[in-house]
Amino acid sequence: MTEFWLISAPGEKTCQQTWDKLMQATTRTNNLSNNNKFNIPDLKVGTLDVLVGLSDELAKLDTFVETVVKKVAQYMADVLEDSRDKVQENLLANGVDLVTYITRFQWDMAKYPIKQSLKNISEIISKQATQIDNDLKARASAYNNLKGNLQNLERKNAGSLLTRSLADIVKKEDFVLDSEYLVTMLVVVPKTGYADWQKTYETLAEMVVPRSTKLLFEDHDSGLFSVTLFRKAIDDFKHKARENKFTVRDFQYNEEEMKADKEEMTRLSTDKKKQFGPLVRWLKVNFSEAFIAWIHIKALRVFVESVLRYGLPVNFQAMLLQPNKKNMKKLREVLYELYKHLDSSAAIIDASMDIPGLNLSQQEYYPYVYYKIDCNLLDFKV
């Protein structure tokens, strides 16, 4: 299970008592969840007005940073196209896996100094996430262009003889070159039509050089034949060939162009390899930064919401629950019984219930402070 419930409840006589009660109800008698204390430092409270405004801003910031985290993770998966099983080992926070980071969460005092106001801390995170998002767009765009151009060239060199590039199939000696009168044409003939081709090619137009055809290459369905004829018979030959279900490829042997194509392919392939390492490193570092920022927002939200709900002085215990998947419904019921006294009006209200006047479209409401953290950040299961 990669889903966590980050909750808080007011301190009883002590915060330890609140913790012990939760442990008693959820783990000691029944295996409903694995729990950890979630350490939030003494942050600056500020005024009530600021907290109310900040509560809304943090909700939006939470959504935005989660999107950035998911984008970086998903792009990491796209870049590691051939080794998607390696994605998870690159998605780390502070050098450890995500579950370890969350369950052992420690506030990063250097990045987010707690002497600053809550608003300032949220602005630091917002700027950081916006920067990562913008950088990702620029880097992804450059790498995707390179990858797209390379794929287009690779596509040209693959596929059916009717459409693929012929540059790496034919050789100089397959052509009559520099002749004023003669030209070599390339014709795609279905395998079932080889005998017909041999019988009829000399008669498809006047001025076809007898016995000039050669099979140059075959794929599953067809073969590529060369044939030499006089230039003035080209149009006639093409027309008759089409009638007989032979396809004339428009191809002129041009050594310089073919060399340029090969060089372009090598250049793009080299550039892609050169960019790959630094890009994966950047994604790794910035995934970690974004994920850490995201969990700090969760911490900020728990702090702000706990102060707004439970009042001052600050006295609450933040707790991280990793629910046992089979018992999630039961865990909700146990938590409700434990904390229903905190808000007499809060029967369990679920987001799926539409109650006029209550804007709960995004967030379930419970008598305790609750935020979900879902660590399954990818569209596919690795």
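As the structure is a computational prediction, the values presented were derived from the model and not from experiment.

Calculation notes
- Every chain is numbered on its own, with residues counted from 1 as its sequence reads.
- Under the rules for a predicted model, residues below a pLDDT of 70 receive no local features and side-chain atom pairs below 80 are neither given nor counted, while totals for whole chains, interfaces and linings still include all residues.
- Side-chain measures were taken over the full set of non-hydrogen atoms in the model, leaving aside hydrogen atoms and water.
- At least two DSSP bridges between two strands are needed for those strands to be called paired.
- Secondary structure elements are defined from DSSP: runs of H or I of at least 4 residues count as helices, runs of E of at least 2 residues count as strands, and each element is numbered from the N terminus.
- Axis geometry follows a simple rule: fit a line to the C-alpha atoms, using only the stretch in contact for helices, then measure angles between N-to-C directions, giving values from 0 to 180 degrees.
- Each residue's exposure class comes from its accessible area (1.4 Å probe, protein chains only) as a fraction of the maximum for that residue type: buried when under 20%, exposed when over 50%, partly exposed otherwise.
- For this analysis, a ring pair means two rings from Phe, Tyr or Trp (six-membered ring only for Trp) whose centres lie within 6.5 Å, classed as stacked if their planes differ by under 30 degrees, edge-to-face if by over 60, and tilted for the remaining angles.
- Note on criteria: charge over ring means Lys NZ or Arg CZ within 6 Å of the ring centre, with the direction from the centre no more than 35 degrees off the ring normal.

A.B. asks: Sorry if this is basic, but what is going on with the sheet that holds strand β4 (residues 214-218) here?
C.D. replies: Backbone-to-backbone hydrogen bonds pair the strands of a sheet. The strands run either parallel or antiparallel. Reading across the sheet, the 4 strands line up as β4-β5-β3-β6 and stay open at both edges, with antiparallel pairing between neighbours. Only two strands of the sheet have a single neighbouring strand rather than two, namely β4 and β6 (247-249). Put simply, the sheet's adjacent strands are angled 35° from each other on average, direction ignored. Pairing geometry for β4 and strand β5 (residues 222-230), over 4 bridges, is antiparallel. When the sheet's bridge partners are listed, E218 is paired in β5 with G223.

A.B. asks: Just to check I follow, could you spell out unusual backbone geometry for this structure?
C.D. replies: Working note: non-glycine residues mostly have negative phi, and peptide bonds are mostly trans. Residue P313 is reached from L312 by a cis peptide bond, and omega for that bond is -5°. Mapped onto the elements of the fold, P313 is located in the loop between α8 (255-310) and β7 (316-323). We note that M207 has phi near 70°; this positive angle belongs to a residue other than glycine. Mapped onto the secondary structure, M207 falls in the loop between α6 (194-200) and β4. For M207, a relative accessible area of 38% gives the class partly exposed. Positioned with a positive phi, K245 is a non-glycine residue whose angle comes to about 65°. Mapped onto the elements of the fold, K245 is located in the loop between α7 (234-243) and β6.

A.B. asks: Looking at this structure, I do not really get the packing of aromatic side chains. What am I missing?
C.D. replies: In this description, a pair of aromatic rings is defined by centroid distance and the angle of the planes. Applying the stated rule across the entire model yields 18 aromatic pairs. Measuring from ring centre to ring centre gives 5.9 Å for W5 and Y370, while their planes differ by 90°; the resulting arrangement is edge-to-face. Of this pair, W5 sits in strand β1 (residues 3-10) while Y370 is found in strand β8 (residues 369-374), placing the two residues 365 residues apart along the sequence. Look at F38 and F105: their rings are 4.7 Å apart centre to centre, the planes differ by 5°, and that puts the pair in the stacked class. With a gap of 67 residues between them, F38 in the loop between β2 (33-37) and α2 (48-79) and F105 in the loop between α4 (98-103) and α5 (118-156) connect regions that are remote in the sequence. Taking the relative accessible area as the measure of exposure, F38 reaches 3% and is therefore buried. Judged by its relative accessible area of 1%, F105 falls in the buried class. In this structure an aromatic cluster arises from ring pairing among F38, Y101, F105, F287, F291 and W294. The ring of W5 carries the charged tip of R332 above its face, separated from the ring centre by 3.8 Å.

A.B. asks: Mind showing me how you'd approach the pairing of strand β3 (residues 182-190) here?
C.D. replies: Each regular strand carries side chains that alternate between the two faces of the sheet. Counting buried residues along β3, 7 of its 9 residues qualify, which places the element largely inside the surrounding structure. When β3 meets β5, the two strands line up antiparallel, connected through 9 bridges. By the bridge assignment for β5, L186 is matched with S226.

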